[in-house]
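Below are the chains, spelled out letter by letter.
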Amino acid sequence: MTNYVVCPDCGYKLFKLGDGSNAEIYCPKCKLKLQIEIKDGKITIQKTLIDKTL
């Protein structure tokens, strides 16, 4: 099964992933860093904190 993943903050459509996928991506629209995992039909999207002192 293929799932479309959108940014939880701005709604930008990021990409589509299948079951068993892991991805880390920056949203090109709002620059939010996301950690995405799809396992057994369950989609987990976590926001990652960015250290802006670099």
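Scroll up to find the structure.
Residues numbered from 1 in each chain as written. Predicted model: local features only at pLDDT ≥ 70, side-chain atom pairs only at ≥ 80, totals over all residues. Heavy atoms only, no water.

Colleague: Where do I start with the nonpolar core in this structure?
Modeller: Side chains of nonpolar character tend, in soluble globular proteins, to be buried together. Grouped together as the largest cluster of nonpolar side chains are ten residues: Val5, Cys7, Leu14, Leu17, Ala23, Cys27, Leu32, Leu34, Ile36 and Ile38. Sorting the residues of this core by element identifies strand S2 (13–18) and strand S4 (33–39) as the ones contributing at least two each. Element by element, the count of residues in this core is highest for S4, at three residues. (Core = buried A, V, L, I, M, F, W, Y, C linked by side-chain atoms within 4.5 Å. Buried < 20%, exposed > 50% of the residue type's maximum accessible area, 1.4 Å probe, protein only. Helix = DSSP H or I, 4+ residues; strand = E, 2+ residues; numbered from the N terminus.)

Colleague: I tried to follow the environment of Lys42 on my own but got confused; where do I start?
Modeller: Note on placement: Lys42 falls in strand S5 (residues 42–48). Exposure remark for Lys42: the relative accessible area of 57% places this residue in the exposed category. On a C-alpha basis, the gap between Lys42 and Pro28 in space is 24 Å, while along the polypeptide they are 14 residues apart.

Colleague: Would you explain unusual backbone geometry in this entry?
Modeller: Working note: non-glycine residues mostly have negative phi, and peptide bonds are mostly trans. Even without being glycine, Lys31 reaches a positive phi, approximately 65 degrees. Within the secondary structure, Lys31 is located in the loop between strand S3 (22–26) and S4. For Asp40, which is not glycine, the phi dihedral falls at a positive 55 degrees. Tracing the backbone shows Asp40 in the loop between S4 and S5.

Colleague: Even after reading the chapter, I still don't get the pattern of salt bridges, so can you show me in this structure?
Modeller: Side chains carrying opposite charge are able to pair once their charged atoms draw close together. Scanning the model with the defined rule gives two salt bridges in all. Notably, a salt bridge pairs Lys47 with Asp9, separated by 2.9 Å at the nearest N-O pair. Separated by 38 residues along the polypeptide, Lys47 in strand S5 and Asp9 in the loop between strand S1 (2–6) and S2 bring together distant segments of the chain. Glu24 is the salt-bridge partner of Lys33, the closest N and O atoms lying 3.3 Å from each other. Note on Glu24: relative accessible area 52%, which makes it exposed. (Salt bridge = Lys/Arg side-chain N within 4 Å of Asp/Glu carboxyl O.)

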